[in-house]
Amino acid sequence: MKVTKAVIPAAGLGTRVLPATKSVPKEMLPIVDRPAIHYIVEEAVRAGITDILIITSRGKSSVEDYFDRAPELEERLLASGKEELYRQITEVTQMANIQYVRQQEAKGLGHAVLCAKSFVGSDPFAVLYGDDVIISPPDQPAIGQLCAAYDRYGLGVVGIKEVTPQQILRYSSLAVEPLEDRIFRVTDMVEKPTPDKVLSLYSILGRCVLPAEVFSILENTPPGAGGELQLTDAMRTITHTRGMTGVDYVGKRYDMGNKLGVLEAIVEVGLAHPEIGEGFRDYLRGLCGTL
Ligand code: UTP
């Protein structure tokens, strides 16, 4: 079954990028000239997703404003002959059918996904974590690679990557067995493992495709690591019943919930940017000589 719906949880508190995230959602931090969430919606659209639900929260209305029309600005741009900018800002409003729901309390990623229950209905759906930007070749969007694995195996899919022994303790850890190139059977998973519970250095990074049964499982899952309702705990149940696969997707992931991740994204996207890439490269070359 073709996946056409996506959920983007973007209601977290973003404490790792405070104080900026006190008033600017981390999903709205700009990577050169677009907010992080623009790249995420673009990835979903490239994968054939038509309907997107963004989970927001208090203080995050700038996310809705970004994807909405801005008549005054549009008129002003047209009146001053700035057609290209007009085209760019109106294009943003037409990317997909985007809806919003507010998570009233930041009770965890699992709780945020549960807010999408009525939007999703009984269809399989994609989840793109709102602070994980993944840059892949345009014809290979990361979530599209996961959707292809869903089509092939008919099982929920997690996007996975190997991380360092230090990072695995802050993320999740997976037990996997190879199935084919870049695709694995997932046999177990644990969120934020203690060192003795690490299953492998493979972690879930930023993307999954889930069957709708995850909602009834989430409703019966107790709070986990950090006292939050963890999506990983619900996916673990699916792993033990129906089974899940993991895709080591092609693409580089930038963690916009982390100061260093924000800088890496800006530098690398900046270097590839058609308008400022060359100038930025010259600037960096000069700067590197002084380091
Ligand atoms: P994170 O755990 O990275 O987000 O969740 P956080 O809670 O904002 O992180 P801290 O405060 O810096 O540690 C991954 C994704 O899930 C969303 C976040 O917005 C992020 O995109 N999320 C997390 C929610 O939507 N609701 C929540 O209650 C928690």
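See the structure printed just above.
Residues numbered from 1 in each chain as written. Predicted model: local features only at pLDDT ≥ 70, side-chain atom pairs only at ≥ 80, totals over all residues. Heavy atoms only, no water.

### What about the pairing of strand 10 (residues 183-191)?
Summarising the sheet, strand 9 (residues 172-180) and strand 10 pair through eight bridges and their orientation is antiparallel. In the sheet register, serine 172 faces strand 10, and the bridge partner there is glutamate 191. Connecting strand 9 to the next strand, strand 10, in antiparallel fashion are two residues, including arginine 182 with a positive phi near 70°. (Pairing = 2+ DSSP bridges. Helix = DSSP H or I, 4+ residues; strand = E, 2+ residues; numbered from the N terminus.)

### What about the pairing of strand 12 (residues 244-247)?
Residues Met244 and Gly246 of strand 12 are buried on one face, and the alternating residues Thr245 and Val247, pointing to the opposite face, are buried as well. Of the strand pairs in this sheet, strand 8 (residues 156-162) and strand 12 are connected by four bridges, and their pairing is parallel. When the bridges of strand 12 are listed, glycine 159 appears paired with valine 247. (Buried < 20%, exposed > 50% of the residue type's maximum accessible area, 1.4 Å probe, protein only.)

### A closer look at the sheet that holds strand 12
Strand order in the open sheet formed by nine strands is 5-4-1-6-11-8-12-10-9, with mixed pairing between adjacent strands. Looking at which strands have only one partner, the edges of the open sheet turn out to be strand 5 (97-102) and strand 9. The average undirected angle you get between the axes of adjacent strands in this sheet is 30°. By the bridge criterion, four bridges tie strand 10 to strand 12 in an arrangement that is antiparallel. (Axes fitted to C-alpha atoms, helices over the stretch in contact; angles between N-to-C directions.)

### Focus: unusual backbone geometry
The general pattern is negative phi for most residues beyond glycine and trans for most peptide bonds. Following leucine 18, the chain continues into proline 19 via a peptide bond in cis, with omega recorded as 5°. Note on placement: proline 19 falls in the loop between strand 1 (5-9) and strand 2 (30-31). Positive phi, normally seen in glycine, also occurs at valine 32, with a value near 65°. Looking at the element boundaries, valine 32 is found in the loop between strand 2 and strand 3 (34-35). Accessibility expressed as a relative area gives 32% for valine 32, which makes it partly exposed. Residues other than glycine seldom take positive phi values, yet lysine 192 does so here, at roughly 40°. Inspection of the secondary structure assignment puts lysine 192 in the loop between strand 10 and strand 11 (202-210). The class of lysine 192 is partly exposed, set by a relative accessible area of 41%.

### What to know about the site of the ligand
Close to the ligand lie 18 residues; Gly12, Gly14, Thr15, Gln103 and Gly108 are nearest. Within the backbone of glycine 12, a nitrogen or oxygen atom sits 2.8 Å from an oxygen atom of the ligand. Glycine 130 is positioned with one of its backbone polar atoms (N or O) 3.2 Å from an oxygen atom of the ligand. Protein contacts shield 85% of the accessible area of the ligand, which totals 570 Å² for the unbound molecule. Counted by class, the shell around the ligand contains seven nonpolar, six polar and five charged residues. (Near = heavy atom within 4 Å. Polar contact = N/O pair within 3.5 Å; in protein donor to acceptor, adjacent residues only side chain to side chain. Areas by Shrake-Rupley, 256 points an atom, 1.4 Å probe, with all protein chains shown as cover. Nonpolar A, V, L, I, M, F, W, Y, C, P; charged D, E, K, R; others polar.)

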